[in-house]
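# Tertiary structure, described
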Amino acid sequence: MKKRTKVQLPVGIMVGGRIFRVVFKRNLKSEDGVPLYGQTDPTRSVININSDLLYEPQMAWEVLFHEIVHVVSHVWKLELNTGTKEAEHTVGALASALFQILPQLVSPVTDETR
């Protein structure tokens, strides 16, 4: 049986001069009791990630990027945290784009890798 490895997310992210702690949380749910993959609490500067994702690295990172977009929206008052389907779709699209693009800045595409 293959050993599963826990995902290693950063313990905190600095956004707009504030450090937001990244915490895995069991039974993460909305105020209405709906299960969530991630949730941001801007007043406490916390990004919660559902602990069910501890062994799902790609999903955990995607959720973290999604929550970071919510944090950016809160800090810079971009009005993407309205709770509407349209706003959540925009957050999801931005998070997916960043998830794909940012790693390329660490390992950029060069003439040799094309």
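Below or above, wherever it landed, is the structure these notes cover.

Cut-offs used in this document
Residues numbered from 1 in each chain as written. Predicted model: local features only at pLDDT ≥ 70, side-chain atom pairs only at ≥ 80, totals over all residues. Heavy atoms only, no water. Phe/Tyr/Trp six-rings, centres within 6.5 Å; stacked < 30°, edge-to-face > 60°. Helix = DSSP H or I, 4+ residues; strand = E, 2+ residues; numbered from the N terminus. Buried < 20%, exposed > 50% of the residue type's maximum accessible area, 1.4 Å probe, protein only. Pairing = 2+ DSSP bridges. Axes fitted to C-alpha atoms, helices over the stretch in contact; angles between N-to-C directions. Salt bridge = Lys/Arg side-chain N within 4 Å of Asp/Glu carboxyl O.

## Notes on the packing of aromatic side chains
- In the structure shown here, the tally under the stated rule is two aromatic pairs.
- Taking the centre distance of 6.4 Å and the plane angle of 55 degrees together, the rings of tryptophan 61 and phenylalanine 65 count as tilted. Of this pair, tryptophan 61 and phenylalanine 65 are both found in helix 1 (residues 57-75), four residues apart, which corresponds to roughly one turn of the helix.
- Taken together, a centroid distance of 5.5 Å and an interplanar angle of 85 degrees make the contact between phenylalanine 65 and phenylalanine 99 edge-to-face. Of this pair, phenylalanine 65 sits in helix 1 while phenylalanine 99 sits in helix 2 (residues 85-106); the two residues are 34 residues apart in sequence, bridging distant segments of the chain.
- A residue is classified by how much of its surface remains accessible, and phenylalanine 65, at 13% relative accessible area, is buried.
- An aromatic cluster is defined as three or more aromatic residues linked by ring pairs; in this entry it consists of Trp61, Phe65 and Phe99.

## Quick word on the pairing of strand 3 (residues 38-41)
- Here strand 3 shows a buried face lined by Gly38 and Thr40 and an unburied face lined by Gln39 and Asp41.
- The antiparallel hairpin formed by strand 3 and strand 4 (residues 46-50) contains four residues in its connecting segment, where serine 45 sits at a positive phi of about 55 degrees.

## Remarks on the sheet that holds strand 2 (residues 18-25)
- The mixed open sheet is built from four strands, whose spatial order is 1-2-4-3. Of all strands in the sheet, those bounded by a partner on one side alone are strand 1 (12-15) and strand 3. Across the sheet, the mean angle from the axis of one strand to that of its neighbour is 25 degrees, orientation sign disregarded.

## A closer look at the pattern of salt bridges
- Applying the stated rule across the entire model yields one salt bridge.
- Note that arginine 44 is salt-bridged to aspartate 41, the shortest N-O span being 3.9 Å.

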